[in-house]
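# Fold and contact review
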Amino acid sequence: DRLLAARLRNAGYEVLPGTHFEDAWREGLRKWGEPYNPTTGKLNVEVLRYVLGEAVTWLAANTQVQAIVFTNLEEQQVYFSPSGNHNAHFLGVTRKPASRGGDGVPAGFDWIQGVDAVGIHVKVFDLKLAPLFSGAGGIEVTETLDLKGSTPRWVRSKKILANEDFLAEGLNLATAPWLQPE
């Protein structure tokens, strides 16, 4: 959010404080209840629509907001190429596999395995919740090939979203052609 807000300001947009949306969201929750149940992990989509509708109505009545920008980090399965340089391609980016330990990947390693990767999704809506823009960009693979044991395996990376260049590239892709790359 911080990187997108800076990019919007650089493009000449006024970015209002997030407290406006927080206040509006609380008003929606007060009237319609919590759409997410942390006990079951389920989202009640109908309640979410009512809460969001109430929040937008509150924003229109109480602020100068003209549009709402949502960002989501979403994880998805990607696959590395079984031959050549073993790159993974997703949401406009190409990433090489990261590995740790060991002296290399055995020749018979099965590259055709789904691994997790994260991308950023940017959506902009007007105050009638009509979509104005939607974009996505890949950031990074979130798993590392652990070569320490006798059988290499994919494990969760310890440093996720730490590469500023990957973050900038993903954001550039997610906001193109709306905003100029930085």
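The paragraphs below set out a description of the structure included in this document. It should be emphasised that the depicted structure is a prediction, and the values quoted were computed from it without experimental measurement.

Reading guide: rules and limits
- Note on numbering: residues in each chain are counted from 1, in written sequence order.
- Where local features are concerned, this predicted model is filtered to residues with pLDDT of at least 70; where side-chain atom pairs are given and counted, the filter is 80 or more; whole-chain, interface and lining totals use all residues.
- Values reported for side chains reflect all heavy atoms of the structure, with hydrogen atoms and water molecules removed beforehand.
- Strands here mean DSSP runs of E at least two residues long; helices mean DSSP runs of H or I at least four residues long; both are numbered from the N terminus.
- Put simply, the radius of gyration uses C-alpha atoms, and a globule should come to 2.2 Å times the residue count raised to 0.38.
- The rule is simple: take the accessible area with a 1.4 Å probe, protein chains only, and divide by the maximum for that residue type; under 20% is buried, over 50% is exposed, in between is partly exposed.
- Contacts were defined at the residue level, with two residues in contact if any of their heavy atoms lie within 4.5 Å.
- Between N-to-C directions, angles span 0 to 180 degrees; the directions come from axes that are lines fitted to C-alpha atoms, helices contributing only their stretch in contact.
- An angle below 35 degrees is read as roughly parallel, one above 145 as roughly antiparallel, one from 65 to 115 as roughly perpendicular, and any other as oblique.
- A crossing counts as left-handed when the near helix is turned anticlockwise from the far one by less than a right angle, and as right-handed when that turn is clockwise.
- Here a pair means two rings of Phe, Tyr or Trp (six-membered ring of Trp) with centres within 6.5 Å. Their orientation is stacked below 30 degrees between planes, edge-to-face above 60, and tilted elsewhere.

Turning next to the overall build of the protein. Counting its regular elements, the protein contains four helices and ten strands. The helix and strand sequence of the protein, counted from the amino end, reads α-α-β-β-α-β-β-β-β-β-β-β-β-α. In terms of overall dimensions, the protein is more spread out than a globule: its C-alpha atoms have a radius of gyration of 20 Å, far above the 16 Å expected for 182 residues. Seen through its C-alpha atoms, the protein measures out along the principal axes to roughly 65 × 40 × 25 Å. The buried share of the protein, taken over its 182 residues, is 34%. Counted over contacts in the protein with a minimum sequence separation of 6, partners at least 24 positions apart contribute 65%.

The residue Val78 is located in strand β3 (residues 67–78) in this model. Measuring from C-alpha to C-alpha, the distance between Val78 and Val141 comes to 8.1 Å, with 63 residues separating the pair along the chain. Excluding residues within four positions of it along the chain, Val78 makes contact with Ala88, Phe90, Gln113, Gly114, Val115, Ala117 and Val141.

Turning to the packing of helix α2 (residues 19–32) against helix α3 (residues 45–62), a few remarks are in order. The description of two packed helices rests on the angle between their axes and on the distance between the axes. Contact pair α2 / α3: the axes reach a minimum separation of 8 Å and the direction vectors enclose 130°. The angle between the axes of α2 and α3 places the two elements in the oblique class. Here α2 and α3 pass one another in a crossing that is right-handed. Taking contact as the criterion, the partners of His20, Phe21, Asp23, Ala24, Trp25, Glu27, Gly28, Leu29, Lys31 and Trp32 in α2 are, on α3, Val47, Leu48, Tyr50, Val51, Leu52, Glu54, Ala55, Trp58 and Leu59.

A word on the packing of aromatic side chains. Taken as a whole and assessed by the stated rule, the structure comprises eleven aromatic pairs. Aromatic side chains Phe21 and Trp25 sit 6.0 Å apart centroid to centroid with 25° between the ring planes, which places their arrangement in the stacked category. Of this pair, Phe21 and Trp25 both sit in helix α2, four residues apart, which is roughly one turn of that helix. Here Phe21 falls in the partly exposed class, since its relative accessible area comes to 23%. Among the residues examined, Trp25 registers a relative accessible area of 22% and is labelled partly exposed. Here Phe133 and Trp178 contribute two aromatic rings whose centre-to-centre distance is 5.1 Å and whose plane-to-plane angle is 45°, an arrangement assigned as tilted. Of this pair, Phe133 sits in strand β8 (residues 131–141) while Trp178 sits in the segment after α4 (164–175); the two residues are 45 residues apart in sequence, bridging distant segments of the chain.

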